[in-house]
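What follows is the residue order along each chain.
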Amino acid sequence: MCGIVGYVGNKKASPILINGLSKLEYRGYDSAGIATIESDGIKILKDKGRVSNLENIKEMASISGTVGIAHTRWATHGKPSKENAHPHFDNSNLFAVVHNGIIENYNELREFLINNGYKFYSQTDTEVIPNLVHFYFEQTNDVLTALKKTCNDLKGSYAIELIYKHTPNNLYVAKKDSPMVIGVSENENFVASDIPAVLNYTKKFYFLKDKEFAVLSKDEVKFYDFELNQIQKDIKEIDWDENSVTKNGYDDFMLKEIYEQPDSVRKTINSRLSDTGSYDFKDISIDKDYLTTINKIYIIACGTAMHAGLSAKSIIEKLCKISTEVDVASEFRYREPLIDNHTLCIFISQSGETADTIAALKLSKECGAKTIAITNVIGSSITREADYSILTYAGPEIAVASTKAYTAQVTILSMLAINFAEILGRCDEKVLEKVKQDVLSLPTKLENVLGTANSVKDIALKIYNEHDIFFIGRGIDHPIAMEGSLKLKEISYIHSDAYASGELKHGPIALIEDNTTVISIYTDAKLLQKSISNTQEVITRGAKSIVITNQNLDNNKFDYVIQIPEISEFLSPILAIVPLQFLAYYIAKQKNLDVDKPRNLAKSVTVE
Ligand code: F6R
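Residues numbered from 1 in each chain as written. Predicted model: local features only at pLDDT ≥ 70, side-chain atom pairs only at ≥ 80, totals over all residues. Heavy atoms only, no water.

Participant: So what about the site of the ligand? Which residues, and what values?
Facilitator: What surrounds the ligand is a group of 14 residues, the closest being S349, Q350, S351, T354 and E490. Within the side chain of S351, one N or O atom sits 2.6 Å away from an oxygen atom of the ligand. Here an oxygen atom of the ligand sits 2.8 Å away from a polar atom, N or O, in the side chain of E490. Look at the ligand: alone it shows 410 Å² of surface, and the protein chains cover 89% of it. The site holding the ligand turns out to be the largest pocket. Residue assignment for the shell around the ligand shows that the elements contributing at least two residues are α9 (303–320) and α16 (477–492). Taken together, the residues of the shell around the ligand sort by class into five nonpolar, seven polar and two charged. (Near = heavy atom within 4 Å. Polar contact = N/O pair within 3.5 Å; in protein donor to acceptor, adjacent residues only side chain to side chain. Areas by Shrake-Rupley, 256 points an atom, 1.4 Å probe, with all protein chains shown as cover. 1 Å grid on protein atoms, 1.4 Å probe; cavity = no way out; pocket = protein on both sides within 12 Å on 5 of 7 lines; lining within 4 Å. Sits in = over half its atoms within 2 Å of the grid points. Helix = DSSP H or I, 4+ residues; strand = E, 2+ residues; numbered from the N terminus. Nonpolar A, V, L, I, M, F, W, Y, C, P; charged D, E, K, R; others polar.)

Participant: Just give me the short version of empty space enclosed by the protein, but keep the residues and values in it.
Facilitator: In this approach the atoms are scanned with a rolling probe the size of a water molecule, which exposes any empty space left behind. Tallied over the full model, the rule gives four cavities of 30 Å³ or more. One number sums up the size of the largest cavity: a volume of about 130 Å³. In terms of lining, the largest cavity is formed by 15 residues, of which the most central are C2, W74, T76, H99 and G101. Partitioned by chemical class, the residues of the lining of the largest cavity number four nonpolar, nine polar and two charged. Computed from the structure, the second largest cavity encloses a volume of approximately 110 Å³. Lining the second largest cavity, in full, are Y26, D194, P196, W240, Q350, S351, V377, P396, E397, I398, K603 and S604. (Points joined across faces, edges and corners; volume = space filled by probe spheres on them.)

Participant: So what's going on with the sheet that holds strand β19 (residues 370–375)? Residues and values would help.
Facilitator: Spatial strand order, β17-β16-β18-β19-β20: five strands in an open sheet with parallel pairing. Two strands close off the open sheet at either side, each with one partner strand: β17 (324–328) and β20 (388–391). Averaged over neighbouring strand pairs, the angle between their axes works out to 20 degrees when direction is ignored. Examined bridge by bridge, strand β16 (residues 296–301) and β17 share five bridges and lie parallel to one another. Bridging from a neighbouring strand, A301 pairs with V328 of β17. (Pairing = 2+ DSSP bridges. Axes fitted to C-alpha atoms, helices over the stretch in contact; angles between N-to-C directions.)

Participant: Any details on the packing of α9 against α16? Residues and values, ideally.
Facilitator: Direction vectors running N to C along α9 and α16 enclose 165 degrees, while the axes themselves pass 9 Å from each other. The orientation of α9 with respect to α16, classified from their angle, is roughly antiparallel. For the pair α9 and α16, the sense of crossing is left-handed. Between α9, through G303, T304, H307, L310 and S311, and α16, the contact on the second element is made entirely by P479, M482, E483, L486 and K487. Classifying every residue of the contact of α9 with α16 by side-chain character gives four nonpolar, four polar and two charged. (Parallel < 35°, antiparallel > 145°, perpendicular 65-115°, else oblique. Left-handed = near helix turned anticlockwise from the far one by under 90°. Contact = heavy atoms within 4.5 Å.)

Participant: Describe in detail the sheet that holds strand β21 (residues 468–473), supporting the description with residues and values.
Facilitator: Reading across the sheet, the five strands line up as β22-β21-β23-β24-β25 and stay open at both edges, with parallel pairing between neighbours. Because the sheet does not close on itself, it has two edges, and the strands there are β22 (495–500) and β25 (560–563). Averaged over all pairs of adjacent strands, the angle between their axes in this sheet comes to 20 degrees, without regard to strand direction. In terms of strand pairing, strand β24 (residues 544–549) meets β25 through four bridges, oriented parallel. Each bridged residue has a counterpart across the sheet, and for V547 the counterpart in β25 is V561. Contacting β21, β23 (517–522), β24 and β25, helix α15 (residues 453–463) crosses the sheet at an angle of about 150 degrees to β25. Those strands touched by α16 are β21, β22 and β23, and its axis lies near 175 degrees from that of β22.

Participant: For the layout of surface pockets, give the residues involved together with the corresponding values.
Facilitator: The space that makes up the largest pocket amounts to roughly 560 Å³. Forming the boundary of the largest pocket are 25 residues, of which C302, G303, A602, K603 and V605 lie nearest the centre. Elements that contribute at least two residues to the lining of the largest pocket include exactly α9, β18 (343–349), α11 (355–366) and α16. Residues of the lining of the largest pocket, tallied by class, amount to 11 nonpolar, 10 polar and four charged.

Participant: Could you give an account of the side chain of D125, with specific residues and numbers?
Facilitator: Relative to the elements of secondary structure, D125 occurs in the loop between α3 (106–115) and α4 (128–140). For the buried residue D125, which engages in no salt bridge, the nearest side chain bearing the opposite charge is R73, 6.3 Å off. Polar side-chain contacts of D125 include one of 2.9 Å to the backbone nitrogen of I103. In this structure, D125 is in contact with H77, H99, G101, I102, I103 and Y106, ignoring residues within four places of it in sequence. (Buried < 20%, exposed > 50% of the residue type's maximum accessible area, 1.4 Å probe, protein only. Lys, Arg positive; Asp, Glu negative; His and termini not counted. Salt bridge = Lys/Arg side-chain N within 4 Å of Asp/Glu carboxyl O.)

Participant: Outline the packing of aromatic side chains, listing residues and values.
Facilitator: Scanning all chains against the criterion turns up 17 aromatic pairs. Between F205 and F207 the ring centres are 6.5 Å apart and the planes differ by 35 degrees, which places this aromatic pair in the tilted class. The residues F205 and F207 share a single accessibility class, namely buried. Aromatic side chains Y522 and F558 sit 6.2 Å apart centroid to centroid with 65 degrees between the ring planes, which places their arrangement in the edge-to-face category. Highlighted residues: Y522 in strand β23 and F558 in the loop between β24 and β25, separated in sequence by 36 residues. (Phe/Tyr/Trp six-rings, centres within 6.5 Å; stacked < 30°, edge-to-face > 60°.)

Participant: Got a sec to walk through the domain arrangement of the protein? Specific residues and values, please.
Facilitator: As far as domains go, the protein holds domain 1 (3–238), domain 2 (248–427) and domain 3 (451–590). Measuring from the centre of the C-alpha atoms in domain 2 to the corresponding centre in domain 3 gives 26 Å. If you look at the interface, domain 2 gives 26 residues, while domain 3 gives 20 residues. Taken together, the two surfaces of domain 2 and domain 3 that pack against each other cover about 1,900 Å², and 69% of this comes from carbon and sulfur. Ranking the residues of domain 2 by area buried against domain 3 places M254, H307 and Y406 at the top, with a combined share of 24%. Our enumeration of links across domain 2 and domain 3 arrives at one salt bridge. Of the charged contacts, one joins K589 and D252 as a salt bridge, the two residues approaching to 3.0 Å between their closest N and O atoms. (Domains from an automatic or database assignment. Buried area = accessible area lost by both parts, 1.4 Å probe.)

Participant: Summarise helix α7 (residues 261–270); cite the residues concerned and give the values.
Facilitator: Those residues of α7 lying buried are Q261, P262, S264, V265, T268 and I269. In the core, the buried residues of α7 are packed alongside α6 (253–259), α13 (404–424), α14 (429–450) and α18 (572–590).

Participant: Account for α16, naming residues and giving values.
Facilitator: With 16 residues, α16 extends 22 Å from end C-alpha to end C-alpha; this agrees with the ideal 22 Å at 1.5 Å per step. The element α16 is largely enclosed, with a buried count of 13 among its 16 residues. Positive phi appears at Y493, one or two residues downstream of α16, with a value of about 60 degrees. (Expected span 1.5 Å × (residues − 1).)

Laid out in structure tokens, this is it:
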């Protein structure tokens, strides 16, 4: 998805903007551009392709402005091209704009502007914005008012940065349904669509709400509501360090993030652990009176975050005895779900900015449900929108394929389930105590499971050329299979499917032939024999079998067995996923693919 960066200060803006854009490369993009205010007006430099192409444009050396805006574009309206790349000028070259999001009524606005004498040079929806600003500026002679009137006309989502030739010390921003943060420092201020873009300049951030505006100069940031009343906002300090957005010696962010899991899970556990060992969720003021009125919990998310929800469904249902449904946000929002004030809705999102998840959250609130957000990014939209917010402490996740966010999400969901179970008193205390002990053992066991890397790599080297790989599991092992399969297809481009093992003979087994790789996951002792039988059924039909397990098996029955530490089955997704992350990683590496930026994918999916 698009990325934006902005700078106002004493320093030359272009290197800071380029550096910021390169930190946002993980979001996925196809063109890049910057605009700075120079002594003779605004200068725009842009091109199709990577940020490095932009950096190498000859004129880059000759721009020296200290106020500027920058953009990486992920094409939606109009193909990737220099003309469609941002920034865009208005017709008089007085205003330049970059924009994230989608202007749904741009055809109508374009028509209106054409009827008023404006011309268009790109196929983008964005180009209406600088021209509308110009149109309203002609009437009002005030940039902020012109921007507000423009936003009034826009339907859809936007994070807009605007500069004006004749206010060379200012940068104007507006936001609705698209992420934007404002970083503050001494004599310089920053705008970005994501914290990592400017983390090496500041750790202090303001978070803009929807329909708010800000005007930045090097010494201050002024905030306004949609009526242009000036408002105050609190600064939030981020505890991510700069190393967390570098590869730090690893070949890829994904590998680094896999190895960070013991630490990110430890931090996530500690964030909710009191000195006495009890869990501290006091900020989520959910008490017994409320919990006993709840007849359903919905967990809503997309992709890997949704798999984290599926992995936690069992611990919530078994310990709290509350029926729990997990749904993908893009379906949930359109299927008129049965929600009322007896429903608790939990939204999971690493970025906290996923458009479908935000829409589902808004819908749940409208229907009267209480909402809890689990995100990895403080101040993100989902965090602000939900009634209560719980952070995971995975640190910035840069690789497109989510790894450490998933394990942190399942960890915090499990702790929340245990906390609810303690409040409700519907579960045997000994069972609860055992799971709590197992939660504490997670970081050490994760360190241990990282030791599977070499054996998994050996397997990867044997199967990287395959066209189809199947993952199967029963009970808690089914969502693990789904997440393992998603990782594999995302970064290795191998077709892969995950099935509940018992479903195989209802159709998918027809696909098994000589040498088809089937990966089975066994982490629940109660289901072991049935799961083994399902694997035997595919072995009989010629399949090559890989097993990930924490059970004692007769290894001779299978082609490869990866042993992981024993733990309560509720928590096994957190351990069992690690070898599957390695498998996807080493297969993709063997195929010489860009594991951090797989084709067609974006890290933060801020459009529907
Ligand atoms: C997969 C992956 C995606 C995200 C999904 C939701 O590796 O990263 O499936 O999990 O796009 O993103 P968030 O968690 O930011 O809402």
